[in-house]
Amino acid sequence: MNFGIDRLISEPALRAPLKGSRVALLAHPASVTQDLTHSLDALVACDIKISAAFGPQHGLRGDKQDNMIESPDYNDPVHGIPVFSLYGEVRKPTDKMIDAFDVMLVDLQDLGCRIYTFITTLRYVLEAAARHGKAV
């Protein structure tokens, strides 16, 4: 089985529609390639113009594993891009957040368990993107 992130990285034709776009990534700690590279790092390494990242509950890289711990927005210390929390001061993307990208890639795994918030976060992102004419 190939994960979508691995296909995107290995198949230039899949990346072609992203050329020239400001791309955001909505991801969490399980967002990794088959060699366990975080999806954000893998996308940056293959020359996709990542302009922002978004983290759901527990954060982009799993820095907030305790349940119900909210996380703030911050600048990624490695890639220098804004990382917006969708489990902090807001649960829905703000206009400022949406303005940071043209296309959003989503790499979230979900168990379908009622206590997980990832599917709700995705819904809020889809609604905000639709209002602003952004692709997901």
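### Overview of the overall build of the chain
On a plain count of helices and strands, the chain comes out with five helices and five strands. Starting at the N terminus, the α and β elements of the chain follow one another as α-α-β-α-β-β-β-α-β-α. Over its C-alpha trace the chain gives a radius of gyration of 14 Å, about what one expects of a compact globule, namely 14 Å for 136 residues. Judged by the C-alpha coordinates and their principal axes, the chain covers about 40 × 30 × 30 Å.

### Describing a nonpolar patch on the surface
Taken together, the side chains of Val106, Leu126 and Val136 present a nonpolar region at the surface, about 220 Å² in accessible area. Turning to its location among the elements, Val136 is positioned in the segment after helix H5 (118-132).

### So, the sheet that holds strand E5 (residues 103-107)
Across the sheet, which stays open at both edges, the five strands sit in the order E3-E4-E2-E1-E5 with mixed pairing between neighbours. Every interior strand has two partners, whereas the edge strands, strand E3 (74-75) and E5, have only one. Note that E3 and strand E4 (residues 82-85) share two bridges and pair antiparallel. Looking at the pairing, Asn75 lines up with Pro82 of E4.

### Side note on H5
Between its first and last C-alpha atoms H5 spans 21 Å; for 15 residues at 1.5 Å apiece the expected length is 21 Å, and the two agree. Those residues of H5 that sit buried are Phe118, Thr121, Val125, Ala128 and Ala129. The buried residues of H5 occupy an angular sector of 100° when projected down its axis, which confines them to one face. Summarising the geometry of H5, the exposed residues directed more than 90 degrees from the buried face are Ile119, Arg123, Ala130 and Arg131. Buried-residue contacts for H5 involve strand E1 (23-27), helix H4 (95-98) and E5. Positive phi shows up at Gly133, right after H5, with a value of about 70°.

### Here's the deal with the packing of aromatic side chains
Scanning all chains against the criterion turns up two aromatic pairs. Seen in terms of ring centroids, Phe54 and Phe84 are 5.2 Å apart; in terms of plane orientation they differ by 45°. Their pairing is tilted. Note that Phe54 is positioned in strand E2 (residues 50-55) and Phe84 in strand E4, a separation of 30 residues in sequence. Seen in terms of ring centroids, Phe54 and Phe101 are 5.8 Å apart; in terms of plane orientation they differ by 85°. Their pairing is edge-to-face. Remark: Phe101 occurs in the loop between H4 and E5 and Phe54 occurs in strand E2; sequence separation between them is 47 residues. For Phe54, a relative accessible area of 0% translates into the label buried. Connected via pairs of aromatic rings, a cluster forms that spans Phe54, Phe84 and Phe101. Over the ring of Tyr87 we find Arg91, and its NZ or CZ is 3.9 Å from the ring centre. The residue whose ring lies beneath Lys134 is Phe101, and the NZ or CZ to ring-centre distance is 5.5 Å.

The rules behind the values
Residues numbered from 1 in each chain as written. Predicted model: local features only at pLDDT ≥ 70, side-chain atom pairs only at ≥ 80, totals over all residues. Heavy atoms only, no water. Helix = DSSP H or I, 4+ residues; strand = E, 2+ residues; numbered from the N terminus. Rg over C-alpha atoms; globule rule 2.2 N^0.38 Å. Patch = residues over 30% accessible without salt bridge, like charges linked within 9 Å, V, L, I, M, F, W, Y side chains within 5 Å. Areas by Shrake-Rupley, 256 points an atom, 1.4 Å probe, with all protein chains shown as cover. Salt bridge = Lys/Arg side-chain N within 4 Å of Asp/Glu carboxyl O. Pairing = 2+ DSSP bridges. Expected span 1.5 Å × (residues − 1). Buried < 20%, exposed > 50% of the residue type's maximum accessible area, 1.4 Å probe, protein only. Arc of directions from axis to C-beta. Contact = heavy atoms within 4.5 Å. Phe/Tyr/Trp six-rings, centres within 6.5 Å; stacked < 30°, edge-to-face > 60°. Lys NZ or Arg CZ within 6 Å of the ring centre and 35° of its normal.

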